[in-house]
Every structure is written in structure tokens, then in C-alpha cells.
Amino acid sequence: MDPAHNRLFGLTRESAPAPRPRQPEPSSDGEVSEDEEKVNILLVDDRADKLLALQAVLRELNQNVVVAKSGKEALRQLLQTEFAVILLDVSMPGMDGFETASLIRKRPATEHTPIIFVTSMNQSENHVARGYQLGAVDYILTPIVPQILRSKVAVFVELFKRTEEIRRQGERLRELEEAAFTRRLNEAVDRLEAETKRNRFFTLAPDMLGIGHFEDGRLLQVNSAWEKILGYTEDELKSVHPFDFLHPDDRPMAQEKASTLIHGSPLGYFETRVRHKDGSYRWIGWTAAAFHAEKLVYIFGRDVTQRKTNEQKIESLNAQLKQRVQELTDINSELEAFSYSISHDLRAPLRSMQGFADALLEEHGDRLDSTGQEYARRVVNSAKYMDALLNDLLDYSRLSRAELERAPVDLRHEISELLVPLENEIKNKNAQVEMELASQTVSAHPATLRQILANLVGNALKFTHPDRPPVIRIRSEQRGRSVRISVEDNGIGIAAEHCDRIFRLFERLHTNQAYPGTGIGLALVRKGAERMGGSTGVESTPEKGSRFWVELPAA
Amino acid sequence: MPGNVRTILHVEDDPNDVLLIARALRKAESSAQVQVVTDGEQAVNYLSGTNAFSQRDQFPVPSLILLDLKLPRKSGIEVLEWIRAQPGLKRIPVVMLTSSKQPIDINRAYDLGVNAYLVKPVNFDALVQMMKTLDSFWLGMNEHPSTARE
């Protein structure tokens, strides 16, 4: 490398990074321009005349010129003040210029301060080489040419100023940046803290919380509830469009909701089916809100499968129940029609049988022998029996179906009423009827109660003992919250093994000849008592008599 | 009314019942003249004097109507409703004579303004007794309304 190149290089290298300045000493020259700070120039020479000459030349630059008469003094000055450039005399007694320069260079603060050596022309060869080795930036040869000196120093003054300005600007910039950075940092810390707290809720929530991209709806963040409820990992959820998880039938609705959301309308609660990883569907109830500025959608989802399943169960049970009720209603109305038909249509031929057998006997009896007349009478009796049977059956079926509304019933009144149509029979059989009513009222359906008691009294009058006149006692007594009404007779009695059977439909213990009856009466008594929330039974001793009872709620 | 003979219109589709009731009325010594029609439509025709019944001297307006419930073409209830809506006929006493004891039928008939509701007894003697009472009450004791106008 040739020296010229080296020099050039050295200059560039030396001048670029500027040392940190200290505040310059107040100028003694007093000529300070308003807006431009003066820089310091250090002149080092042992000869006062030379110093004066240099000072005079540099005064024009209008900077702060400091003088030092020895290397030592120069070093002292350099400890206190920062200089834009040092003009250093090479040949000084004691510490010469080179020695001074090497010491200056050793201090980091002055390592890069430009040094211009001042040397005499005859010594220049020798000095230049050494000077450059010590990091000089330039040379001034004596005798000094003032313009050259001024322009060389002015370059360094200008350089110092520029560097200083850049440094200050850099500093200002750094301060601004630092402030902005600190502010951002604080904000970030605050946000982080708040977010951490929110994140705890986010993590803890048993419901699905998620943040989705505003435009394409993709999930950006989900909490752990998603995986618990739907089985997909966070990555799986984020990698697919959320609508792909929806039941195909629910997609159009969800699509509509999404466009509502994007158009800025508030979105109400809605429910969709979502496919679980295992292939089953879960019912999820959703709400969501869009934040246009952030381009985010906040999503909330709750697993409502259990509730939905229950609802569906209830719905299907309800439907089944409705259907069952309908079936029962149909059956019931069929039964109604059936009873109606029994009542109306089956009795008409009976009436004819009876009526014409009667007419036959009356109008043509003289042409029939006794057997023929007997046959005609049998037709009449059979028709009568069948009529009774139909009547009882109708009563029984009506009792099974009808709504029996209960009301307080006065027992004495009801019993007196039911005895009226039996008066003839009582008289004919020479029967005695006694009433001992300890309880006067009972809660019952009046007509049904009368029917029950009429049946029991009728039986007491029917199954009489041939050896004694019938005595019938009708009693009532309070038993807890019930009233027991009993009909006691002194008739033929019932063997214990039959006591239960006789309450069943069509059960009979005797032939129709011995004791006529349809086998329905006691079944009707039991059905009626049960339909009114009561019960019935019998205590009996054969050959001595029976006591039938009905227990009904007290009024 | 022609002479003193009262007319009973008997609306009954069962020929056996027609015969039995005619016999029962005879045994009850009723003097009423019985006109029989066998369905609801004929009853309406008879009462309005249309079609085959245009001759009033042959088919006079009855003093009493015995009406069965279950009839072909028009039910007894429909006939009753129609009678009560006819200005010239609405006051004629109507007695239901039927086999049905169903409360729904009984109540419906009374709601439509029937004058009595009788269930045909199976026992013939009871039927005779019923016809005797019917004849003496409705055609004897009972005061008859004049034909209503408007």
C-alpha cells in the first residue's frame, strides 16, 4: 500500500466516529454567534510568538482557541475540555510533539481527536513519517501560510460541528425512540397482565371460547373446552373451516348467522349440531360478536346436548302419550258406540220376543196346549232375563268409564230414596229394615252410591233364609278417614271360600231358578266403590247371614 | 181438528215396534188415530204436508208426536230440531219413545225442547201401562196449544 493511500484511508477512518464532547469552556474571545456554538481549538507550542501568530491566523474562524505552552499543559487541557482539533508543535523542549501525541492517543476520550502537526520545512521528511505513525491527520509546515492553516483547521472545525450535530440528532432520536419504546413496553406489560388474567378465565371456562377470523371464519384461538366437548385438538380445529364440523342441515342457518354478523347486526343465541371427532353429533348453543376494527369474531359455545336430548325424549314421550291418549279415546268412543248399540239395537228384538210371545198367549192361547203355553212363557222369561242382563252390563260399563265426581252425600236421604222402589218387596217378604247411622255423610258420587247400596239391599232381600223373616241392618261408622257403610242380613250366608269370587263379573253361586240374577251386581258394587276411591268386602257365616260393607272417604 | 179424533204421529222404523205399540195403544183403549212414518225424512214430509202427504184431511196435523231416536235418513234429534224451528209446528207436543237411556241423548232432546222422554219397556204389560198413561195425559188432561203463527 502506498503512503498516499494509507494517508487517505487514515483520514477517513480517523474522522468518522466522533468522540463524545464535554461542554466547551466559556469563550474568552466573547465573539459568539447567536445560533452557532463555538468549538475548541487547542494550540500547543513552547514559543509564545508562534502561539500568538497562530492565534491571530485562526481568529478569523471565530472559534474558541485555547493555548498550551507545553505537552504537559496540553494534556491537562485535554483532560478538561474536548477539542475539535489540536495543532501540535513537533519540536518542544522536554516532552516533544510526538511524545505528546502518543499520550493523547492513549486516552480513549482523545483517541480520535484530529491532530495537526506543526513542523519546519527542513525537518518535514523525517517528521511526516513519524507523525503519521502516531495518527496525525495532517501537517502544517512553517513558515505558516495563513490561508492554508485557516482552511485546514476550518475543515476540522466543520467536521467536528457536523459530527456533533449528527451525534446530537442521533441522541435526540434515540431518546425519542427510547421513550416510545418504553411506552410501548409498558403498554405491552399492562396488556400482557390483563391478558394473562383473561387467559386464566379462557383456560378455566367449561364452555367453548374462541376467537375467529372475521372474514373467513377460521378459528385463531380456542380454549381447552373445545377439545373436551368435541374431541378435536386445537390444531385440527384451526386447520378446517368451522362450518365443516356442522351438521349439513344446520349449515345454511349458520351461514345466515355469519352474514348477519359480518353486516354488523347483533347476533342472537342459536343452536346447531356439531360433529364430534367420534362421528356423533353434539348440540351446541352459540353466541358471537364481531369486532370490525380488530377483524375478529369472538365466539362462545355451550354444550346443550343433554338438555336437547332430554327435550327430544320429552317430546317423543309426549307424542307417544298423545298417541296413547288418542288410542284410548278411540277405544272409548268405540265402547260408547258399542254400549249405545247394546242399549238401543239389542233391546228392540227382545221387546219383540216378549211382546209377541205375550200376544201369542193372550190372543191365541186357547189354541195352544199347556206345553205350548209353557214354551211361550219361557220365551217371555228369557227375554226379561236378557233385558236385565243388558241393563246391568250397561251400568257396569258406564261405571267403568264415567267420570265420578264426588260430593258430600247425606246417607239417610240416599238410603230412604233407594228403599222406595223396594217397598213392595219388603212388604211381600215380611222383611224388617233397620238403620243405625253413626256417620251421616260420606264423600261419594250420589248416583253410584245409591246404585251400590240398592244392589246390597236387593241382595239382602233376595238371599233370604227360608226359616225366618229377613232382618236387614244398614249401619255407618267412622273408621279413620273413611266411613264404612254395611248392609247386614240374616240370610243364607256365603261359604268363606266364595267370599272373594262373588265380586267378580258373572260369578254366581246359585241357579237362576233358585235365586234369579245376572252375576253382575256385586262386580258393579266393587267397581263403583273403587272408582270412588273406596273399597268393599264381605264377612259371612253360612246359614247365619252376611255383612257386606263399603268403605268410602269421609266427607 | 176434524171431529174429536186426535191424531198421533208415530215415527218408528222397526215394524215390530210399530205393531207392538199399536197393540199396546189398543189394549190401553186409546181413541187416537195413529199415523205411522218409518224414517225422519217422511216425518218432515208428513208434518209439512208435502209429497205423498199433501192431503191434510187424510194426513191431519197431529196432536202428539211419538218420535224414535235412531231413524233412517234423519235422526229423531234432527226431526225434533226441525219441528221446533217451524212456526206452524213448533208447539206440538213431542214425546221421545226410544230404547236409549244414554244421558247424552236424553239431555240433547230436552235441550231441543222435547216434552217427554220415554224408554220403551221390554215387558209388554209395562208398555200397555205406558201407553195408557200417555194417552190419558197428553191427549186427555193436557191443554193443547193453538197453532202458532210467526
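Residues numbered from 1 in each chain as written. Chains lettered and ligands numbered in written order. Predicted model: local features only at pLDDT ≥ 70, side-chain atom pairs only at ≥ 80, totals over all residues. Heavy atoms only, no water.

A word on the overall build of chain A
Point 1. When helices and strands are tallied, chain A shows 15 helices and 17 strands.
Point 2. Pairs at least 24 residues apart make up 61% of the contacts formed inside chain A by residues separated by at least 6 positions.
Point 3. For chain A, the computed accessible surface area is about 31,900 Å², with 54% contributed by carbon and sulfur atoms. (Helix = DSSP H or I, 4+ residues; strand = E, 2+ residues; numbered from the N terminus. Contact = heavy atoms within 4.5 Å. Areas by Shrake-Rupley, 256 points an atom, 1.4 Å probe, with all protein chains shown as cover.)

Remarks on the sheet that holds strand E4 (residues 115-120) of chain A
All names here are of chain A.
Point 1. Ordered by their spatial adjacency, five strands build an open sheet running E2-E1-E3-E4-E5, and the pairing between neighbours is parallel. Both outer strands of the open sheet, strand E2 (64-68) and strand E5 (138-142), are each paired with one neighbouring strand and no more. Here the strands of the sheet are splayed against their neighbours by 20 degrees on average, with no regard to which way each runs.
Point 2. Here five bridges tie E4 to E5, and the two strands are oriented parallel to one another. (Pairing = 2+ DSSP bridges. Axes fitted to C-alpha atoms, helices over the stretch in contact; angles between N-to-C directions.)

Section: the confidence of the model for chain A
Point 1. Per-residue pLDDT for chain A averages 84, and the proportion of residues at 70 or more is 92%.
Point 2. In the predicted structure, residues 1-34 of chain A sits below a pLDDT of 50 and forms 44 contacts with residues beyond four places in sequence or in another chain. (pLDDT = per-residue confidence, 0-100.)

Quick notes on the pattern of salt bridges
Point 1. Throughout the structure, instances matching the rule amount to 42 salt bridges over all chains.
Point 2. Of the charged contacts in the structure, one is a salt bridge between B:Arg23 and A:Asp358, with a shortest N-O distance of 3.7 Å. With B:Arg23 in helix H1 (residues 15-27) and A:Asp358 in helix H10 (residues 305-364), the pair connects residues from two separate chains. Of the two residues examined, B:Arg23 and A:Asp358, each falls in the buried class.
Point 3. One connected set of salt bridges, linked through shared partners, spans A:Glu434, A:Glu436, A:Arg473, A:Arg475, A:Arg479, A:Arg484, A:Glu488, A:Glu539, A:Arg547 and A:Glu551. (Salt bridge = Lys/Arg side-chain N within 4 Å of Asp/Glu carboxyl O. Buried < 20%, exposed > 50% of the residue type's maximum accessible area, 1.4 Å probe, protein only.)

Considerations on unusual backbone geometry
Residue and element names in this part refer to chain A.
Point 1. Positive phi, close to 60 degrees, is recorded for Lys295, a residue that is not glycine.
Point 2. Of note in this structure, Asn430 is not a glycine but carries a positive phi near 60 degrees.
Point 3. Residue placement: Asn430 occurs in the loop between helix H13 (423-428) and strand E12 (432-437).

Thoughts on the nonpolar core
Point 1. Ranked by size, the top nonpolar core spans 41 residues in total, and within it A:Val442, A:Leu449, A:Leu456, A:Val457, A:Phe548 and A:Leu552 carry the most contacts.
Point 2. Breaking this core down by element, the ones donating at least two residues are helix H11 (370-401), helix H12 (411-419), strand E13 (441-444), helix H14 (446-462), strand E14 (471-479), strand E15 (482-488), helix H15 (521-531) and strand E17 (545-553) of chain A.
Point 3. At seven residues, the largest contribution of residues to this core is made by H14(A).
Point 4. In contact with A:Phe548, other than residues within four places in its own chain, are A:Leu456, A:Ile485, A:Ser486, A:Val487, A:Ile494, A:Ile502, A:Phe503, A:Leu522, A:Gly537 and A:Val538.
Point 5. Grouped together as the second largest cluster of nonpolar side chains are 26 residues, B:Phe53, B:Leu69, B:Ile92 and B:Met96 included. (Core = buried A, V, L, I, M, F, W, Y, C linked by side-chain atoms within 4.5 Å.)

What about a nonpolar patch on the surface?
All names here are of chain A.
Point 1. On the surface, Leu328, Ile331, Leu335 and Phe338 cluster together to form a nonpolar patch covering roughly 370 Å² of accessible area.
Point 2. On the secondary structure map, Ile331 appears in helix H10.
Point 3. Owing to a relative accessible area of 43%, Ile331 belongs among the partly exposed residues under this scheme. (Patch = residues over 30% accessible without salt bridge, like charges linked within 9 Å, V, L, I, M, F, W, Y side chains within 5 Å.)

What about the layout of surface pockets?
Residue and element names in this part refer to chain A.
Point 1. Taken as a whole, the second largest pocket holds about 530 Å³ of empty space.
Point 2. Gly217, Pro242, Phe243, Ala258 and Ile299 are the residues nearest the centre of the second largest pocket, which is lined by 31 residues in total.
Point 3. Secondary structure elements with two or more residues in the lining of the second largest pocket: strand E6 (208-213), helix H7 (224-230), helix H9 (251-262), strand E8 (270-275), strand E9 (281-291) and strand E10 (296-303).
Point 4. Here the element with the most residues in the lining of the second largest pocket is H9; it accounts for seven residues.
Point 5. Classifying every residue of the lining of the second largest pocket gives 20 nonpolar, eight polar and three charged. (1 Å grid on protein atoms, 1.4 Å probe; cavity = no way out; pocket = protein on both sides within 12 Å on 5 of 7 lines; lining within 4 Å. Points joined across faces, edges and corners; volume = space filled by probe spheres on them. Nonpolar A, V, L, I, M, F, W, Y, C, P; charged D, E, K, R; others polar.)

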